Number of protein chains: 2
Amino acid sequence: MAVKNTEVKGINPHIELALQEVEKRDINKVFFVACGGSSALMYPSKYLMDREAVAISSDLYSSNEFIHRNPNTLGDKSLVILCSMSGTTPETVEAAEFARNKGALTIALTHEPESPLAQNAEFVVEYGWFPDLIAVNTNQAIMIQLTMGVLYVKEGNKKFADTVESLHNLEDVFQKAEKQFAPKVKEFAKKYKDESNIYTLASGGNYGPAYSFTSCFLMEMQWIHSNAIHAGEYFHGPFEILDKETPFLILLGLDETRPLEERALTFSKKYGEKLEVVDAKELDLEGISDSVKGYVVPAIFDRLLRRYAEALAEERNHPLSTRRYMWKVEY
Amino acid sequence: MAVKNTEVKGINPHIELALQEVEKRDINKVFFVACGGSSALMYPSKYLMDREAVAISSDLYSSNEFIHRNPNTLGDKSLVILCSMSGTTPETVEAAEFARNKGALTIALTHEPESPLAQNAEFVVEYGWFPDLIAVNTNQAIMIQLTMGVLYVKEGNKKFADTVESLHNLEDVFQKAEKQFAPKVKEFAKKYKDESNIYTLASGGNYGPAYSFTSCFLMEMQWIHSNAIHAGEYFHGPFEILDKETPFLILLGLDETRPLEERALTFSKKYGEKLEVVDAKELDLEGISDSVKGYVVPAIFDRLLRRYAEALAEERNHPLSTRRYMWKVEY
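For chain A, the name recorded in an unreviewed UniProt entry is Fructosamine deglycase, with Halobacillus dabanensis as its organism. UniProt lists a comment for chain A under the heading Function (unreviewed entry), and it reads "Catalyzes the conversion of a range of fructosamine 6-phosphates to glucose 6-phosphate and a free amino acid." What UniProt states about chain A under its Subunit (unreviewed entry) heading is, verbatim, "Homooctamer."

A.B. asks: Explain the packing of aromatic side chains to me, please; I cannot follow it from the model alone.
C.D. replies: Working definition: an aromatic ring pair is given by the centre-to-centre distance plus the angle between the planes. Applying the stated criterion across every chain yields a total of 58 aromatic pairs over all chains. Ring geometry for Phe66 of chain B against Phe98 of chain B: centres 5.7 Å apart, planes inclined by 85°, an arrangement best described as edge-to-face. Taken together, the residues Phe66 of chain B in helix H4 (residues 63-69) and Phe98 of chain B in helix H5 (residues 90-101) connect sequence positions 32 residues apart. Judged by relative accessible area, Phe66 of chain B falls into the buried class, the value being 0%. Within the aromatic cluster, the residues linked to one another by ring pairs are Tyr199, Tyr234, Phe235, Phe239, Phe248, Phe267 and Tyr271 of chain A together with Tyr325 and Tyr331 of chain B.

A.B. asks: What exactly am I supposed to notice about the sheet that holds strand S9 (residues 275-279) of chain B here?
C.D. replies: What holds strands together in a sheet is hydrogen bonding between their backbones, with the strands either parallel or antiparallel. Residues and elements named next belong to chain B. Sheet architecture is open: four strands sit in the order S7-S6-S8-S9, paired in parallel fashion. Of all strands in the sheet, those with a lone pairing partner are strand S7 (228-230) and S9, marking the two edges. Here the strands of the sheet are splayed against their neighbours by 20° on average, with no regard to which way each runs. Here strand S6 (residues 199-202) runs beside strand S8 (residues 248-252); their pairing, made up of three bridges, is parallel. Directly across from Tyr199, in S8, lies its bridge partner Phe248. Against the sheet, helix H9 (residues 170-192) engages S8 and S9, with an angle of about 160° to S9.

A.B. asks: Would you take a moment to explain empty space enclosed by the protein for this structure?
C.D. replies: If a probe as big as a water molecule is rolled over the atoms, it shows which places are left empty. For the structure shown, the criterion picks out five cavities of 30 Å³ or more. Along the wall of the largest cavity there are 42 residues; nearest its centre are Tyr43 and Tyr207 of chain A together with Tyr43, Leu60 and Tyr207 of chain B. With five residues, helix H10 (residues 207-222) of chain B is the single largest residue contributor to the lining of the largest cavity. When grouped by side-chain class, the residues that make up the lining of the largest cavity number 17 nonpolar, 15 polar and 10 charged.

A.B. asks: Just to check I follow, could you spell out the state of the cysteines for this structure?
C.D. replies: Cysteine pairs can be covalently joined through their sulfur atoms, and such a bond is termed a disulfide. All names here are of chain A. Throughout the structure, instances matching the rule amount to zero disulfides over all chains. Cysteine Cys83 shares no disulfide, and the gap to the nearest cysteine sulfur, in Cys35, comes to 10 Å. In this structure Cys83 comes out as buried when scored by relative accessible area, which is 1%.

A.B. asks: Hey, could you run me through the interface of chain B and chain A in this one?
C.D. replies: The parts lose accessible area when they come together, and the size of an interface is often stated as this lost area. Facing 72 residues of chain B, the contacting portion of chain A comprises 72 residues. Surface buried jointly by chain B and chain A totals about 5,900 Å² across both partners, of which 50% is contributed by carbon and sulfur atoms. The largest share of the area that chain B buries against chain A comes from Arg69, Glu240 and Tyr325 of chain B, three residues that together contribute 13% of it. If you look at where chain B meets chain A, you find six salt bridges. A salt bridge links Arg263 of chain B to Glu91 of chain A, with the shortest nitrogen-to-oxygen separation between them at 3.0 Å. Applying the counting criterion to the chain B and chain A interface returns 44 residue pairs in polar contact (both at pLDDT 80 or more). At the level of elements, strand S1 (29-34), helix H2 (36-40), helix H3 (43-52), strand S2 (57-62), H4, H10, S7 and helix H11 (258-271) of chain B are the ones that each hand at least two residues to the side of chain B that touches chain A.

A.B. asks: Mind showing me how you'd approach the UniProt feature "domain: SIS" (unreviewed entry) in chain A here?
C.D. replies: Listed under "domain: SIS" (unreviewed entry) in the UniProt record, and renumbered for this structure, are residues 18-161 of chain A. Within residues 18-161 of chain A, the helical portion is 45% and the strand portion 19%, while the C-alpha atoms at the span's ends are 17 Å from each other.

A.B. asks: For this particular structure, what's the right way to read the relation of the copies chain B and chain A?
C.D. replies: What relates the two chain copies is a rotation about an axis together with a slide along it. Between chain B and chain A, which share one sequence, the superposing operator has a rotation angle of 180° and an axial displacement of 0.0 Å; the RMSD is 0.0 Å. Classification of the inter-copy transformation places it as that of a two-fold axis. Nearest to the rotation axis, the C-alpha of Asn227 of chain B is located 2.5 Å from it, this being the minimum over chain B. When the interface residues of chain B are mapped onto chain A, 100% of them again lie at the interface, so the same face is used by both copies.

A.B. asks: Help me understand the sheet that holds strand S4 (residues 105-110) of chain A in this model?
C.D. replies: Residues and elements named next belong to chain A. If you walk across this open sheet you meet the five strands as S2-S1-S3-S4-S5, and the pairing is parallel. Strands with a single pairing partner mark the edges of an open sheet, and in this sheet they are strand S2 (57-62) and strand S5 (123-126). Each neighbouring strand pair of the sheet contributes to a mean axis angle of 20°, computed without reference to strand direction. Bridging between strand S1 (residues 29-34) and S2 involves six bridges; their strand directions are parallel. Looking across to S2, one finds that Val30 is bridged to Ser58. In the packing of helix H1 (residues 13-24) onto the sheet, contacts are made with strand S3 (78-83), S4 and S5, and the angle to S5 comes to roughly 155°. Sheet strands touched by helix H5 (residues 90-101): S1, S3 and S4. Its angle to S3, the strand with the most contacts, is close to 165°.

A.B. asks: Mind showing me how you'd approach the environment of Ser115 of chain B here?
C.D. replies: All names here are of chain B. Among the structural elements, Ser115 can be located in the loop between strand S4 (105-110) and helix H6 (116-120). Residues Ser115 and Ser86, 29 residues apart in the sequence, show an inter-C-alpha distance of 7.1 Å. Here Glu112 takes part through its backbone oxygen, which lies 2.7 Å from a polar atom of the side chain of Ser115.

A.B. asks: Please explain H1 of chain A as it appears in this structure.
C.D. replies: Think of an α-helix as turning once every 3.6 residues; residues three or four places apart then point the same way. All names here are of chain A. With 12 residues, H1 extends 17 Å from end C-alpha to end C-alpha; this agrees with the ideal 16 Å at 1.5 Å per step. By the burial criterion, the buried members of H1 are Ile15, Glu16, Ala18, Leu19, Glu21 and Val22. Contacts from the buried residues of H1 go to S3, S4, S5, helix H7 (139-155) and helix H8 (160-168). Here H1 starts with a cap whose side-chain oxygen sits 2.8 Å from the backbone nitrogen of His14, and that cap is Asn12.

A.B. asks: Which parts of the structure should I look at to understand the domain arrangement of chain A?
C.D. replies: Residues and elements named next belong to chain A. By domain assignment, chain A separates into domain 1 (13-161) and domain 2 (169-316). The C-alpha-based centres of domain 1 and domain 2 are spaced at 25 Å. Taking both sides of the interface into account, the surface hidden between domain 1 and domain 2 amounts to around 1,700 Å²; carbon and sulfur atoms contribute 70%. Ranking the residues of domain 1 by area buried against domain 2 places Tyr43, Tyr47 and Ala135 at the top, with a combined share of 32%. Run the count over domain 1 and domain 2 and you get one salt bridge. Here Arg51 makes a salt bridge to Glu256, at a shortest N to O gap of 3.4 Å. Where domain 1 meets domain 2, there are five residue pairs in polar contact (both at pLDDT 80 or more).

A.B. asks: What's the story with the side chain of Glu91 of chain A in this structure? I'm lost.
C.D. replies: Checked against the element boundaries, Glu91 of chain A lands in helix H5. Of the polar contacts made by the side chain of Glu91 of chain A, one reaches the side chain of His236 of chain B; its length is 2.9 Å. Here Arg263 of chain B takes part through its side chain, which lies 3.0 Å from a polar atom of the side chain of Glu91 of chain A. Beyond its immediate sequence surroundings of up to four residues, Glu91 of chain A is in contact with Cys35, Ser63, Asn64 and Ile67 of chain A together with His236 and Arg263 of chain B.

Conventions we followed
Residues numbered from 1 in each chain as written. Chains lettered and ligands numbered in written order. Predicted model: local features only at pLDDT ≥ 70, side-chain atom pairs only at ≥ 80, totals over all residues. Heavy atoms only, no water. UniProt positions renumbered as here; feature names shortened; annotations may be inferred. Phe/Tyr/Trp six-rings, centres within 6.5 Å; stacked < 30°, edge-to-face > 60°. Helix = DSSP H or I, 4+ residues; strand = E, 2+ residues; numbered from the N terminus. Buried < 20%, exposed > 50% of the residue type's maximum accessible area, 1.4 Å probe, protein only. Pairing = 2+ DSSP bridges. Axes fitted to C-alpha atoms, helices over the stretch in contact; angles between N-to-C directions. Contact = heavy atoms within 4.5 Å. 1 Å grid on protein atoms, 1.4 Å probe; cavity = no way out; pocket = protein on both sides within 12 Å on 5 of 7 lines; lining within 4 Å. Points joined across faces, edges and corners; volume = space filled by probe spheres on them. Nonpolar A, V, L, I, M, F, W, Y, C, P; charged D, E, K, R; others polar. Disulfide = S-S within 2.5 Å. Buried area = accessible area lost by both parts, 1.4 Å probe. Salt bridge = Lys/Arg side-chain N within 4 Å of Asp/Glu carboxyl O. Polar contact = N/O pair within 3.5 Å; in protein donor to acceptor, adjacent residues only side chain to side chain. Least-squares fit on C-alpha atoms with pLDDT ≥ 70 in both. Expected span 1.5 Å × (residues − 1). Domains from an automatic or database assignment.

Below, the structure is given as structure tokens:
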């Protein structure tokens, strides 16, 4: 199971280094720890762990919740994976130190390899950022590669080679998807630019992209009221909000929870009118192995939803960089 | 550690019976499985497990997500705790059968001991419902007693006796809290009856009451737009929605994540104006042991928030029983 000299080609070198240490350690639990969009991108990895892990359990927490909750099982058999683009998110920087003091192995994902987060973690995996960004180096792709890699070295998971190869083919998929969705994205922005509320709906690993679109793009960057509704929970309360006036953006992924998303869409079509559907079945996924399609689709959703947000920002004349509080006032 | 003939007095007899079986089994994982409000009431138990469990891991899923996600670790060393008031929630009824077929031990909480859910599970714990309801028999109190009981019989957790005794004293606390909050509740309803959006904010185990107030009371029963924002995540996106026009209901509990809720409140006070604060520090908690206060407070929040919802319904002339879809159309 050694990571080097294996049949798995094209592993990210930072991930390879981290996995060599993971392999040596006795790990029974993985904690995914980050805030906001960086936390959202870990949802597909939590889903992957739940589906694939034979014995390793996992939990996902917002960084400050992780610190204060102080899980009793956190210790020297824990692997803590953290993420922050700038590497300066105070709660995440602190969480790395907190976890290390408990004896956990820490791996930080960041765009800034010299940042405080990088310094606080034992291993650093650098990811790309706009504009010099190709799919395999996005934080989403890096997360999936790392998580599947952990299961490969610890439990012999057989999908690691497929995962790495698929992620190397992802840039083409991104570009085709963006091109295909461009007219739809533009129309969405024109249609909904004056809305005060836009909901999102998804399940499984796709809940991550829905959550980040809601929290980071709609609420943070556009000041539009929103809520990322879990497609299964929809029918146990939230669906009563549906009417012909309220827009819903509904994700249909390819993981095993797709029937939940389809059910939410079917119902919404009956009683709602302002529905935007992003269906992974419509995408050309050439190069992405069937065995990992469900895990990779959220990364494509993240990319497409960024385009939705950019178009909305333009139509609304409200740049994505506009803030009232973030980075501007004390909090 | 035998449940019978122990120093712990006043254990609910249904829970006692279930715990005797839990004690015999080799359990390494607890799954909390339910929908909507019944799922929300399990959040404090997930928090309790994270804080207290020495070795048993846990996960919480909406019932249909649980079935389709099909966690790889679900098996004969799993305990699956399910809940549905009527015992007829189709996804939860199916989840019980699904879990049993995987060899898991299943315990169902329900108000209807003859219901399909009760029939599908190996053990049934009945809970009370309005109007004949005392605190110790509420679903919230039953959940906490059961969860702490599991840790008592499996890991020798020392807080079980305190928990059971505290829950027997909870009715007095409920009544005092309701009386104390009555004027505040009325004022809230008058002030915010015409609002189209009301957010909730909480962390730790208190996220459960926030989530059910958002999903079941505001969105489902009042058709008011909402989102239960995690108090730690607030600063990584959602707080940008805060202005002087948008109401926020902020919970301040007594568990270890209280600093997150306090930070959210401090910030909201600076830039918001329509804030409703429910602070457990203001309550008379006589009879509730310090060792378990943080775990019990969400049950008190649930009770108080029901009063908030009732008052809002009255002021808005929109009864809590009003539905457009639930139980009325196919879904």
